[in-house]
Amino acid sequence: MANGPQSHFADVDGVKYHYHDIGTGEPLILIHGGGPGASGWSNYSRNVEALSRQFRLIIPDLVGYGQSDKPVLEGPRFGIYAKGMLGLMSRIGIEKAHVVGNSLGGGTAIKMALEAPDRIGRLILMGPAGLLAPSTPMPTLGVRQIMEFYGGEGPTREKLRAFLQTMVYDSSFLTEELLDGRIAAATQPDLLANPPLGRGGPPPIEALWKENLAGITHDTLILWGREDRVNPMDMHLTLLAQLPNAQFTVFTRCGHWVQWEKAKAFNALVASFVRGEMS
């Protein structure tokens, strides 16, 4: 597993959280998605160098992922993850931060803004989970692969390879080294005992589209890959219809990992947005 630089641990209400703390400037939290083997560093390794020149990056592993603790989780996940991220902010002395969230991390970012609006600056949401897809049959292929990964015969390299190929538009850069790191992370003994999204059936996440999204008045940048096969692009309509200060950018020839497949454009866009140059 790639740990990267500036690796730290913090205790939040008896749970050990792992995170990276890199750069200086306004705090920018990068929250990863929920796929097998995900972690903060693995999701955002292509963005750290550019963004850490301008911001203080906090890159956590959500509870149940990476090097954070993997206890049995009870209840809807976005509430758990949002509470953990807000607690981590307090533990390391950050009163307010901008937040980037991908997929499960995007739903977590939305929940953080709902629960503690004064602690959130600008929001960047990449293919966030928990929304309604008005014209796409659900669950998607990517969601089914997440649901089935720990079920049946359990995790396999073949399942993971198929999932990662679903995540991106161009699978040619999915190296064996990347697969090695993700399968090692996805098969840690404590994670096998308590998969964060369960062993099958619908993932235990809240229907965020039913919550008071109109109350999220933060400047929000919504990013989506047109070829996203996990959380389909038509989900963005839920956000644009309700968030009063949201804008939307779509990337063509791009799947679920905008920050990975379109890293250079993503880094420039996020930096400009957080600096307030797109308002």
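Residues numbered from 1 in each chain as written. Predicted model: local features only at pLDDT ≥ 70, side-chain atom pairs only at ≥ 80, totals over all residues. Heavy atoms only, no water.

Next up on the list: the overall build of the chain. Counting its regular elements, the chain contains 11 helices and 8 strands. Taking the principal axes of the C-alpha coordinates as reference, the chain spans close to 50 × 40 × 35 Å. Contacts in the chain between residues far apart in sequence, at least 24 positions, make up 74% of those at least 6 positions apart. Put simply, the chain has 25 plus and 27 minus side-chain charges, and the middle of one group is 2 Å from the middle of the other. (Helix = DSSP H or I, 4+ residues; strand = E, 2+ residues; numbered from the N terminus. Contact = heavy atoms within 4.5 Å. Lys, Arg positive; Asp, Glu negative; His and termini not counted. Charge placed at Lys NZ, Arg CZ, Asp CG, Glu CD.)

On to the UniProt feature "domain: AB hydrolase-1" (unreviewed entry) in the chain. The feature "domain: AB hydrolase-1" (unreviewed entry), as given by UniProt, occupies residues 27–263 in the numbering adopted here. Along residues 27–263 one finds 35% helix and 15% strand; the C-alpha atoms at either end are 20 Å apart. (UniProt positions renumbered as here; feature names shortened; annotations may be inferred.)

It is worth spelling out the packing of helix α6 (residues 157–167) against helix α7 (residues 176–186) at this point. Contact geometry for α6 and α7: axes closest at 10 Å, N-to-C directions at 115°. Crossing angle aside, the handedness with which α6 passes α7 is right-handed. The residues of α7 that touch α6, namely those facing Arg157, Leu160, Arg161, Phe163 and Leu164, are Glu176, Leu179, Asp180, Arg182 and Ile183. Along the lines of polarity and charge, the residues of the contact of α6 with α7 split into 5 nonpolar, no polar and 5 charged. (Axes fitted to C-alpha atoms, helices over the stretch in contact; angles between N-to-C directions. Left-handed = near helix turned anticlockwise from the far one by under 90°. Nonpolar A, V, L, I, M, F, W, Y, C, P; charged D, E, K, R; others polar.)

Further remarks concern the packing of aromatic side chains. All chains considered together, the criterion is met by 3 aromatic pairs. Here Trp257 and Trp260 contribute two aromatic rings whose centre-to-centre distance is 5.6 Å and whose plane-to-plane angle is 45°, an arrangement assigned as tilted. Summarising the burial analysis for this pair, Trp257 and Trp260 share the class buried. Of the aromatic side chains, those joined through ring pairs into one cluster are Phe173, Trp257 and Trp260. One Lys or Arg, Arg46, reaches over the ring of Phe173 and ends 5.1 Å from the middle of that ring. One Lys or Arg, Arg122, reaches over the ring of Phe273 and ends 5.5 Å from the middle of that ring. (Phe/Tyr/Trp six-rings, centres within 6.5 Å; stacked < 30°, edge-to-face > 60°. Buried < 20%, exposed > 50% of the residue type's maximum accessible area, 1.4 Å probe, protein only. Lys NZ or Arg CZ within 6 Å of the ring centre and 35° of its normal.)

Quick look at the nonpolar core now. In terms of nonpolar packing, the biggest core is built from 63 residues, with Tyr81, Leu88, Met112 and Leu239 touching the most fellow members. It is helix α3 (residues 77–91) that contributes the most residues to this core, 7 residues altogether. Core analysis: the second largest hydrophobic core is formed by 24 residues, Met126, Phe251, Leu269 and Ala271 among them. (Core = buried A, V, L, I, M, F, W, Y, C linked by side-chain atoms within 4.5 Å.)

Glancing now at the packing of α3 against helix α4 (residues 104–115). Two numbers describe how α3 lies on α4: the axes approach to 8 Å, and their chain directions differ by 70°. Taken together, α3 and α4 sit at an angle that is classed as roughly perpendicular. Seen from α3, the contacting residues are Phe78, Gly79, Tyr81, Ala82, Met85, Leu86 and Met89; seen from α4, they are Leu104, Gly107, Thr108, Lys111 and Met112. Looking at the contact of α3 with α4 residue by residue, the classes come out as 8 nonpolar, 3 polar and 1 charged. (Parallel < 35°, antiparallel > 145°, perpendicular 65-115°, else oblique.)

Let's shift gears to the sheet that holds strand β2 (residues 15–22). Pairing is mixed in the open sheet, where 8 strands are placed in the order β1-β2-β4-β3-β5-β6-β7-β8. What marks the edges here is a single partner per strand, and that holds for β1 (7–12) and β8 (246–251). This sheet shows a mean twist of 25° between the axes of neighbouring strands, independent of strand direction. Across 4 bridges, strand β3 (residues 27–31) lies against strand β5 (residues 97–102) in parallel orientation. Bridge pairing in β5 places Ile29 opposite Val99. The sheet contacts of helix α11 (residues 263–274) involve β3, β5, β6 (120–126), β7 (220–225) and β8, and relative to β6 the element is tilted by about 155°. (Pairing = 2+ DSSP bridges.)

Here we take up α7. Considered for burial, the residues of α7 that qualify are Leu178, Leu179, Arg182, Ile183, Ala185 and Ala186. Buried residues in α7, looked at end-on, bunch into an arc of 160°, giving them a common side. Buried-residue contacts for α7 involve α1 (40–44), α6, α8 (189–193) and α10 (258–261). (Arc of directions from axis to C-beta.)

Taking burial as the measure, the 6 residues of β5 include 6 buried ones, the bulk of the element. Going residue by residue along β5, you find Ala97, Val99 and Gly101 tucked away on one face and His98, Val100 and Asn102 tucked away on the opposite face as well. Across 5 bridges, the pairing between β5 and β6 is parallel. The residue bridging Asn102 from the neighbouring strand is Met126, located in β6. Read as a crossover between parallel neighbours, the route from β5 over α4 to β6 is right-handed. (Right-handed = clockwise from strand over helix to strand, strands pointing away.)

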